[in-house]
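# Analysis of the macromolecular model
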Amino acid sequence: SDTTDVTNFNSTSYTLGTPTVGASFVAPTSGIVILHFGGRVNLNNATADRILLSAEVRTGSTVGSGTVVEAAADDWAIEIGTAAGTRLGASRVRPVTGLTAGDTYNASVWHHNSVSVASAGSLFVRDVTVVGVP
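Residues numbered from 1 in each chain as written. Predicted model: local features only at pLDDT ≥ 70, side-chain atom pairs only at ≥ 80, totals over all residues. Heavy atoms only, no water.

With that out of the way, let us pick up the overall build of the protein chain. When helices and strands are counted, the protein chain shows zero helices and nine strands. For the protein chain, the α and β elements follow one another from N to C terminus as β-β-β-β-β-β-β-β-β. In terms of overall dimensions, the protein chain is globule-like: its C-alpha atoms have a radius of gyration of 15 Å, near the 14 Å expected for 134 residues. Its C-alpha atoms put the protein chain at 45 × 25 × 20 Å along the principal axes. Within the protein chain, buried positions represent 40% of all 134 residues. Within the protein chain, counting contacts between residues at least 6 apart in sequence, those at least 24 apart form 80% of the total. Only carbon and sulfur atoms are counted for the fraction: they give 48% of the accessible area of the protein chain, which is about 5900 Å². Between the averaged position of the 7 positive side-chain charges in the protein chain and that of its 10 negative side-chain charges there is a distance of 4 Å. (Helix = DSSP H or I, 4+ residues; strand = E, 2+ residues; numbered from the N terminus. Rg over C-alpha atoms; globule rule 2.2 N^0.38 Å. Buried < 20%, exposed > 50% of the residue type's maximum accessible area, 1.4 Å probe, protein only. Contact = heavy atoms within 4.5 Å. Areas by Shrake-Rupley, 256 points an atom, 1.4 Å probe, with all protein chains shown as cover. Lys, Arg positive; Asp, Glu negative; His and termini not counted. Charge placed at Lys NZ, Arg CZ, Asp CG, Glu CD.)

With that out of the way, let us pick up the sheet that holds strand 7 (residues 86–96). In any sheet, the strands associate via hydrogen bonds between backbone groups, in a parallel or an antiparallel arrangement. Pairing is antiparallel across the open sheet formed by four strands, whose spatial order is 1-9-3-7. Each edge of the sheet is formed by a strand with only one pairing partner; in this case those strands are strand 1 (6–9) and strand 7. Ignoring which end each strand starts from, the neighbouring axes of this sheet average 30° apart. Of the pairings in the sheet, the one linking strand 3 (residues 32–43) to strand 9 (residues 121–133) comprises twelve bridges and is antiparallel in character. Its bridge partner lying in strand 9, isoleucine 32 is registered against valine 133. (Pairing = 2+ DSSP bridges. Axes fitted to C-alpha atoms, helices over the stretch in contact; angles between N-to-C directions.)

To continue, consider unusual backbone geometry. At the junction of threonine 18 and proline 19, the peptide bond is cis and its omega measures out at 0° in the coordinates. Its place among the elements puts proline 19 in the loop between strand 1 and strand 2 (22–26). Positive phi is not limited to glycine here, since asparagine 8 has a value of about 55°. Mapped onto the fold, asparagine 8 is located in strand 1. Judged by its relative accessible area of 45%, asparagine 8 is partly exposed. Positive phi values are uncommon outside glycine, yet aspartate 49 reaches one of about 75°. Assignment of secondary structure puts aspartate 49 in the loop between strand 3 and strand 4 (51–59).

Written as C-alpha cells, this is what we have:
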C-alpha cells in the first residue's frame, strides 16, 4: 500500500502512477489467487466523466513489469463519476485463475480516466493484497 497522493492526472489508458503500488507473490498449488485492491479516488473535473482504479497481474517479481496475465479492466474496476469533487474510498475483490503453481507473479494497481481532460482525477491511497487459494 502507499499513501502518496497522485494528483491531477490525465490518462485515458491504464497507468501505474508513481510510486508503483503492488506486490510479488508465488502462485499456490491451486493456481488461483484472490486480489483485494482499493484506494481513495477523487473525480477532480466532471468533464473527465469517470475515474477507474483496477488491479493487474503480470509474470515475474518486478512489480508493474512482465507479461500481462490478467490486465487491469473496467469490468473489475472501482469507479467514480460524474460529480466533480466527489471522493470515494472503496475496495474490490478479483479472482485470478490459471496461474502456474510455484511461478512468481506480481500484482499492481492501475488507474485511468474515461475522457481526456486536464487534471481529471486524483488518488490518495492505493493498496493491493494477494491471497492464495489452497
